[in-house]
Amino acid sequence: MRALAVVPHQPGSLALTEFNAPVPGENQLLARTLAIGVCGTDHEIIDGKYGEAPEGTEHLIIGHESLAEVVSAPTGSGFSAGDLIVGIVRRPDPVPCPNCAAGEWDMCRNGLYTEHGIKGAQGYAAEYFAIDPGYAVKVDRGLRDTGVLLEPTSIVAKAWDHIERIATRAIWKPRTVLVTGAGPVGLLAAMMGLQRGLDVTLFDRVDTGIKPKLAERLGARYRVGDLARIDPRPDVVIECTGAPSIVIAALEITSPVGIVCLAGISSGQRTVQIDGDVLGRTMVLENDVVFGTVNANRRHYAMAADALAAADQGWLRMMITRRVPLSSWAEAFKRGGDDVKIVIDFAMG
Ligand code: BGC
């Protein structure tokens with residue numbers, strides 16, 4: 001079978017390579033890949049900055065945003081041939097740490113977890129993969145075109161889960177949300193904010209192209225320019241750019257008892273200065289919280305599946321700005337233009 005693989009830390013090594021087809025274990029599902037989403041982490045891996053092959057192997061098959069169709073499933077597994085599934089990215093550390101032991105591998109304490117397509121485990125950008133039913137998430141058959149968005153949605157589902165848990169520290173409940181960065185993660189975070197009945201503003205650098213249109217169709221305000229002037233002041237900020245200057249601005253602009261969730265990572269090495277006053281005056285005297293979040297556990301995938309099923313399917317399709325057949329895979333990694341989410345379509349050949 002064909003799979004997209006790199007030799008980790010060798011920039012430019014990404015290639016469509018022949019691998020042995022997987023032989024599912026007695027209790028495993030065999031799945032045929034339909035689509036793989038491309039994200040910033042994939043770019044970091046193919047640029048040689050991130051990624052780790054499974055122990056004892058040279059190649060890492062990439063692909064952590066999956067959508068696949070079950071080919072065969074053991075009886076009693078809860079799955080049957082034809083079901084649509086998404087593979088969970090992270091596997092718990094083997095020790096395990098207290099969080100991994102309880103299925104909260106997204107909160108791993110010792111860093112010994114593995115991640116399919118990223119760290120120490122083969123990814124899903126292969127024509128077939130075998131998977132334990134416990135790490136496959138069933139997706140509504142109506143989501144054949146858009147179910148590939150489940151993994152990025154699980155990331156924002158976790159962000160919302162933690163924001164809501166932090167918010168229980170006060171009687172008052174947040175109403176206004178600012179999402180910085182209108183890429184796929186930002187747009188999906190905004191979508192889940194609106195599904196919660198909140199007032200959502202999306203902030204981005206570009207004021208033309210498809211992003212403002214996506215915001216409008218979603219029902220979110222769209223703003224560019226000076227973040228310090230954003231109105232209304234956000235009770236919650238979901239920061240998806242990772243740009244240090246935006247992160248600092250986000251800490252300053254929240255309303256009292258605000259929550260800033262950092263969900264983006266910047267690959268550049270920019271240095272910013274932070275005014276001690278920001279920490280003292282705005283963070284301490286206003287009881288603000290800032291926290292980071294990565295990855296998602298099974299509960300978040302379930303939240304994400306519900307959010308996607310409840311979403312406007314036309315809007316989700318609009319977010320997938322390009323579908324590239326596997327045979328033209330290199331096109332999927334060309335940046336630029338007005339792309340939001342690029343998907344490699346395995347079903348197109
Ligand atoms: C993935 C996460 C993963 C993170 C760090 C992200 O792109 O969506 O599942 O934990 O990268 O490797």
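Before reading on, note that the structure itself is shown above.
Residues numbered from 1 in each chain as written. Predicted model: local features only at pLDDT ≥ 70, side-chain atom pairs only at ≥ 80, totals over all residues. Heavy atoms only, no water.

Enquirer: How would you sum up helix α6 (residues 244–253)? Please name residues and give values.
Expert: With eight of its ten residues buried, α6 lies for the most part within the structure. Buried within α6 are the following residues: P244, I246, V247, I248, A249, A250, L251 and I253. Close packing links the buried residues of α6 with β12 (176–180), β13 (199–203), β15 (236–239), β16 (259–262), α7 (276–284) and β17 (289–292). (Buried < 20%, exposed > 50% of the residue type's maximum accessible area, 1.4 Å probe, protein only. Helix = DSSP H or I, 4+ residues; strand = E, 2+ residues; numbered from the N terminus. Contact = heavy atoms within 4.5 Å.)

Enquirer: Give me the packing of aromatic side chains: which residues, what numbers.
Expert: Under the defined criterion, the tally for this structure stands at two aromatic pairs. Centre to centre, the rings of W105 and Y135 are 5.5 Å apart; their planes meet at 55°, and the pair counts as tilted. Of the two residues, W105 is situated in the loop between α2 (98–101) and β8 (114–116) and Y135 in the loop between β10 (128–131) and β11 (136–139); the sequence distance between them amounts to 30 residues. A single burial state applies to W105 and to Y135, both of which are buried. Ring plane angle 55° and centroid distance 4.6 Å describe the contact between Y124 and F129, whose orientation is recorded as tilted. As far as burial versus exposure is concerned, Y124 and F129 are alike and both buried. (Phe/Tyr/Trp six-rings, centres within 6.5 Å; stacked < 30°, edge-to-face > 60°.)

Enquirer: Quick rundown of helix α4 (residues 184–195)? Include the residues and the values.
Expert: The first and last C-alpha atoms of α4 sit 16 Å apart over twelve residues, in line with the 16 Å expected at 1.5 Å per residue. With nine of twelve residues buried, α4 is to be regarded as a mostly interior element. Remark: G197 follows α4 within two positions and exhibits a positive phi of approximately 75°. (Expected span 1.5 Å × (residues − 1).)

Enquirer: Give a description of the sheet that holds strand β2 (residues 15–18) that names residues and reports values.
Expert: Ordered in space as β2-β1-β4, the three strands form an open sheet in which the pairing is antiparallel. Each edge of the sheet is formed by a strand with only one pairing partner; in this case those strands are β2 and β4 (60–61). One ladder, built from two bridges, connects strand β1 (residues 2–6) with β4; its direction is antiparallel. The partner of V6 across the bridge, within β4, is L60. (Pairing = 2+ DSSP bridges.)

Enquirer: So, the sheet that holds β8: which residues are in play, and what are the values?
Expert: Judged by pairing direction, the sheet is mixed, and its three strands sit side by side in the order β7-β8-β9 without closing on themselves. Whereas interior strands pair on both sides, the edge strands pair on one side only; in this sheet they are β7 (90–91) and β9 (120–121). Alignment of β7 against β8, held across two bridges, turns out to be antiparallel. Residue pairing across strands places R90 opposite E115, the latter belonging to β8.

Enquirer: Give me the site of the ligand: which residues, what numbers.
Expert: The environment of the ligand is made up of C39, T41, Y50, H64, V89, R90, E115, I118, E151, I155, V294 and N295. Within the side chain of E151, a nitrogen or oxygen atom sits 2.8 Å from an oxygen atom of the ligand. N295 is positioned with one of its side-chain polar atoms (N or O) 2.9 Å from an oxygen atom of the ligand. Bound to the protein, the ligand loses 87% of the 310 Å² it would expose on its own. Along the lines of polarity and charge, the residues of the shell around the ligand split into six nonpolar, three polar and three charged. (Near = heavy atom within 4 Å. Polar contact = N/O pair within 3.5 Å; in protein donor to acceptor, adjacent residues only side chain to side chain. Areas by Shrake-Rupley, 256 points an atom, 1.4 Å probe, with all protein chains shown as cover. Nonpolar A, V, L, I, M, F, W, Y, C, P; charged D, E, K, R; others polar.)

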